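Letter by letter, the chains look like this.
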Amino acid sequence: MLLFPYSDIIFRSIAVYFFMTIALRIFGKKELSQLNTADIILILLISNSVQNAMVGPDTSLWGGLIAALVLFVINFAIKKLTHKYKIINNLLLEKPEILIHDGKLDFKNLSKLDISDEELKEAIREHGLEYFKEVKLAMLEIDGTISIISQDKKSLKQTHYKRKHNRKNLQKQF
């Protein structure tokens, strides 16, 4: 049977996929949409380091294609499962966090998320507001953006504030 020789690659690819999913969840890569040079280098090095873990000694074209196919299938299945089952969604995906509610800052969340006062002020200025009390709701979204809804419904304005904080920390590490 053709599939049998590749069962080891299938198992290894599944193991690496789940390891990487858990590692990204633990290390809080909410800002994957904000990749900088250091982040891209890290992703390239990680992919190179786990390649042998997936395909083992099989360096054939078929071995690589089987590993890639398994990754695509797992990713597709995980997306479907996270949409269908809330418990899987909660385990694998980050949740938006409230930063300001009715003009009151949530200092516990701000501290946990390592968002500075200056960073939050920058976000509200980019949304056309000047003071925290003008903010009805500010959320840190799962992609690392800060969404803000103003108290004044007449001046609603949509902008897209991307956090830069974690990029600075990553650059300091390298």
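Caption draft 1: Region of the structure containing the environment of Leu-120. With respect to the secondary-structure elements, Leu-120 resides in helix α6 (residues 117–126). Put simply, Leu-120 and Leu-99 are 21 residues apart on the chain and 8.7 Å apart in space, counted from C-alpha to C-alpha. If we skip the residues at most four places from it in the chain, Leu-120 touches Leu-99, Ile-100, Leu-105, Leu-110, Ile-115 and Phe-132.

Caption draft 2: Region of interest: unusual backbone geometry. Here the phi dihedral of Asp-102 falls at roughly 50°; this positive angle occurs in a residue that is not glycine. Inspection of the secondary structure puts Asp-102 in the loop between β1 (97–101) and β2 (104–105). With a relative accessible area of 37%, Asp-102 lands in the partly exposed category.

Caption draft 3: Spotlight on the packing of aromatic side chains. Counted according to the given criterion, the structure contains one aromatic pair. Ring geometry for Tyr-17 against Phe-18: centres 5.7 Å apart, planes inclined by 85°, an arrangement best described as edge-to-face. One Lys or Arg, Lys-133, reaches over the ring of Tyr-131 and ends 5.5 Å from the middle of that ring.

Caption draft 4: Examining the pairing of β1 more closely. Bridge analysis of β1 against strand β3 (residues 135–140) gives four bridges, and the strand direction is antiparallel. Paired with Glu-97 across the two strands is Leu-140, which belongs to β3. Of the pairings in the sheet, the one linking β1 to β2 comprises two bridges and is antiparallel in character. Note that in β2 the partner of Ile-100 across the bridge is Leu-105. With antiparallel pairing between neighbouring strands as the criterion, β1 and β2 make up a hairpin whose turn holds two residues, including Asp-102 at a positive phi of roughly 50°.

Caption draft 5: Spatial organisation of the pattern of salt bridges. A full pass over the atoms with the stated rule returns four salt bridges. In this structure, Asp-117 engages Lys-121 in a salt bridge whose closest nitrogen and oxygen atoms are separated by 3.1 Å. With a gap of four residues between them, Asp-117 and Lys-121 both fall in helix α6, about one helical turn apart. A relative accessible area of 39% places Asp-117 in the partly exposed class. With a relative accessible area of 28%, Lys-121 lands in the partly exposed category. A network of salt bridges, in which partner residues are shared, links Asp-117, Glu-118 and Lys-121.

Definitions and cut-offs
- Every chain is numbered on its own, with residues counted from 1 as its sequence reads.
- Totals for whole chains, interfaces and linings use all residues, but because this is a predicted model, local features are given only for residues with pLDDT of at least 70 and pairs of side-chain atoms are given and counted only at 80 or more.
- Side-chain metrics rest on all non-hydrogen atoms present in the structure, leaving aside hydrogens and water.
- A helix here means a DSSP run of H or I that spans at least four residues, while a strand means a run of E at least two residues long, and both kinds are numbered starting from the N terminus.
- Residues count as neighbours in contact if any of their non-hydrogen atoms are within 4.5 Å of one another.
- For the exposure calls, accessible area comes from a 1.4 Å probe over protein chains only, and a residue counts as buried if that area is under 20% of its type's maximum, exposed if over 50%, partly exposed in between.
- Only the six-membered ring of Trp is used, alongside the rings of Phe and Tyr, when aromatic pairs are assigned; centres must lie within 6.5 Å, and planes under 30 degrees apart are stacked while those over 60 apart are edge-to-face, with the rest tilted.
- Placement of a charge over a ring requires the Lys NZ or Arg CZ to be within 6 Å of the ring centre, with the centre-to-atom vector within 35 degrees of the ring normal.
- Pairing between two strands requires that DSSP report at least two bridges joining them.
- The rule for a salt bridge is simple: a side-chain nitrogen of Lys or Arg has to be within 4 Å of a carboxyl oxygen of Asp or Glu.

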